[in-house]
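# Geometric and topological summary
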Amino acid sequence: MMDRLIEIITSTNASDTLLFVASMVIVMTFVIVVVTMFLLMRQYFFRIQETRILRKSQKYNDLLIDCLFSEDQDVIENCKLKGNGGGRILYQSVLFLMHNLNGDFSGKIRKLFYQLDLDKYLRRDLKSRRWWRVTKGLRDARTMGYDGAVDVAKRFINSPKLELRVEAQITLMALKIHEPFEFLNQLNRPFSNWARIQLYQELSRWEQKPDATPWLQASNPGVLEFALRVMGLLNQKADRRDVVPLLSNEDLRLRAEVVRYAALVMDKDLWMNAAMKYKVEAGEVREKLAQTAGMLPGVPFILLMDWFNWEKSTVVKIELARTLLIYGKDVGLSQGEMNALGTVA
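The structure reproduced in this document is the subject of the present report. Residue indices follow the written sequence of each chain, beginning from 1 at its first position. Selection of residues for local features in this predicted model requires a pLDDT of at least 70, selection of side-chain atom pairs for listing and counting requires 80 or more, and totals for whole chains, interfaces and linings are taken over all residues. Derived side-chain values reflect all non-hydrogen atoms in the structure, with water molecules and hydrogen atoms excluded from consideration.

### Comments concerning the layout of surface pockets
Empty space within the largest pocket amounts to approximately 290 Å³. Think of a 1 Å grid over the protein atoms and nothing else: a 1.4 Å probe that fits but is trapped marks a cavity, an open set flanked by protein within 12 Å on at least five of seven lines marks a pocket, and residues with an atom within 4 Å of a point count as lining. Taken together, His99, Arg139, Arg142, Thr143, Ile170, Ala174, Leu175, Gln198, Gln201, Glu202 and Arg205 form the lining of the largest pocket. A run of DSSP states H or I qualifies as a helix once it reaches four residues; a run of E qualifies as a strand once it reaches two. Both are numbered from the N-terminal end. Every element with two or more residues in the lining of the largest pocket is listed here: helix H7 (131-144), helix H9 (162-175) and helix H10 (193-204). Under the grouping applied here, Gly and all other residues not named as nonpolar or charged are polar, the nonpolar ones being Ala, Val, Leu, Ile, Met, Phe, Trp, Tyr, Cys and Pro and the charged ones Asp, Glu, Lys and Arg. Grouping the constituent residues of the lining of the largest pocket by class yields three nonpolar, four polar and four charged. Grid points are joined across faces, edges and corners, and a volume is the space filled by probe spheres set on the points.

What follows is the structure, encoded as structure tokens:
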């Protein structure tokens, strides 16, 4: 393009060149003005649309509050009629109230949600081919207690999209009454930290805590880590024959979780099985051993002292020093030795 432009300029006289340049400037100016006007008009219409949606949302919020405080079926029918022109906005308004009101209002809002036939928008999201809409639909289904989302969630527990996969797993746990953890044995993708945190949060709301020991039969290392963490927190002891083999698993995070589990359930023999191999263990596992050594009574002081002298990792050495300071008071370490440990710790 530049070569062509140079050729034109060099092959014509000065007046023609000036005319060509002037024409190009006019064309470029026109294009810039058109593009600028288009962007300004686009922004203007977006603002109008946002203002319209905001006004409708405010109107529907006021309408919904009237319905919530009324038991009159005619008022509810009136809400339904007035909401026909902006059903999706009304849907969002109900969800907004559900998230911001609690107590007795939660049940009323949920009941009103179905009375106004707003669950049809929920079903549309769940049937969508766009993964982000299905994700939103699953999240809204939990909010509104829509059991129909369970079958949808089952299809996405191994989705390649992390957010969709997590929402599907949480939905099964929150809405499936029978065997809500059955999906754990079906996972064949990495069980992310985000998913685990969400599931821990969901578990904390349950008055009746589940028995996590059957989850040790899963083949997914992430599920096994999750099972051991839950068992440790709930002080649930599994059959040692199911746990000991995990100390040799190639996943070092899983081995570290076994150490933490052993300390939390006070299984000294299991913890010692791991500790006796500290010289051939990865740093992450040694660090977990050092952190939990002080949680178990009767851990041999000489083992910890030999380990401290051998250890090359600064992080692990610091953890060992903190544990040795606790033990040192009972085994008669000199003040100089205590001071040296204190300096490391």
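### Looking at the packing of helix H13 (residues 252-264) against helix H15 (residues 283-292)
Contact pair H13 / H15: the axes reach a minimum separation of 8 Å and the direction vectors enclose 10°. On the basis of the axis angle, H13 is roughly parallel to H15. On the side of H13, the interface is formed by Leu252, Arg253, Arg255, Ala256, Val259, Arg260 and Ala263, while H15 contributes Glu284, Val285, Lys288, Leu289 and Thr292. Its residues assigned to classes, the contact of H13 with H15 comprises six nonpolar, one polar and five charged. Between N-to-C directions, angles span 0 to 180 degrees; the directions come from axes that are lines fitted to C-alpha atoms, helices contributing only their stretch in contact. For this classification, under 35 degrees means roughly parallel, over 145 means roughly antiparallel, 65 to 115 means roughly perpendicular, and everything else is oblique. Contact between two residues is taken to exist if any of their heavy atoms lie within 4.5 Å; hydrogens are not considered.

### What to know about the pattern of salt bridges
Salt bridge, as applied in this entry: a Lys or Arg side-chain nitrogen positioned within 4 Å of an Asp or Glu carboxyl oxygen. By the definition in use, this model includes 17 salt bridges. The shortest N-O distance in the salt bridge between Arg240 and Asp269 comes to 3.8 Å. Here Asp269 lies in helix H14 (residues 268-275) and Arg240 lies in helix H12 (residues 240-243), a separation of 29 residues in the sequence. In this scheme, a residue with accessible area under 20% of its type's maximum is buried, one over 50% is exposed, and one in between is partly exposed, where area comes from a 1.4 Å probe on protein chains only. Here Arg240 falls in the partly exposed class, since its relative accessible area comes to 35%. Classification of Asp269 by relative accessible area gives partly exposed; the value is 47%. Put simply, Glu311 and Arg286 hold a salt bridge, and the shortest N to O gap is 2.8 Å. Of the two residues, Glu311 sits in the loop between helix H16 (301-310) and helix H17 (314-331) while Arg286 sits in helix H15, which places them 25 residues apart along the sequence. Under the relative-accessibility criterion, Glu311 is labelled buried at 4%. With a relative accessible area of 11%, Arg286 lands in the buried category. A cluster of three or more residues bridged by salt bridges with shared partners is formed by Arg139, Arg142, Glu163 and Glu167.

### Brief notes about the nonpolar core
In terms of nonpolar packing, the biggest core is built from 87 residues, with Leu138, Leu184, Leu216 and Trp271 touching the most fellow members. Not counting residues within four places of it along the chain, the set of residues in contact with Leu184 comprises Phe191, Trp215, Ala218, Val223 and Phe226. Here, nonpolar core means buried Ala, Val, Leu, Ile, Met, Phe, Trp, Tyr and Cys residues that are tied together by side-chain atoms lying within 4.5 Å of each other.

### What about unusual backbone geometry?
Positive phi values are uncommon outside glycine, yet Asp117 reaches one of about 60°. Here Asp117 falls in the partly exposed class, since its relative accessible area comes to 37%. Positive phi, close to 60°, is recorded for Met266, a residue that is not glycine. Along the chain, Met266 falls in the loop between H13 and H14. On the basis of relative accessibility, which here comes to 43%, the residue Met266 falls in the partly exposed class.

### Some words on a nonpolar patch on the surface
Within this analysis, patches are made of residues with over 30% relative accessible area and no salt bridge. Like charges are joined at 9 Å or less; nonpolar side chains (Val, Leu, Ile, Met, Phe, Trp, Tyr) at 5 Å or less. Note that accessible areas follow from Shrake-Rupley with a 1.4 Å probe, and for residues the cover is restricted to the protein chains shown. Taken together, the side chains of Val27, Phe30, Val31, Val34, Val35, Phe38 and Leu39 present a nonpolar region at the surface, about 660 Å² in accessible area. Along the polypeptide, Val34 turns up in helix H2 (residues 14-68).

### Structural notes on the packing of aromatic side chains
Only centres within 6.5 Å qualify two rings of Phe, Tyr or Trp (six-membered ring in Trp) as a pair; their planes then separate them into stacked at under 30 degrees, edge-to-face at over 60, and tilted for everything else. One pass over the structure, following the stated rule, counts nine aromatic pairs. A ring pair is formed by Phe113 and Tyr114, whose centres lie 5.2 Å apart and whose planes are at 90°; its orientation type is edge-to-face. Among the residues examined, Phe113 registers a relative accessible area of 0% and is labelled buried. Grouping aromatic residues by their ring pairs yields a cluster made of Tyr91, Phe113, Tyr114 and Tyr121.

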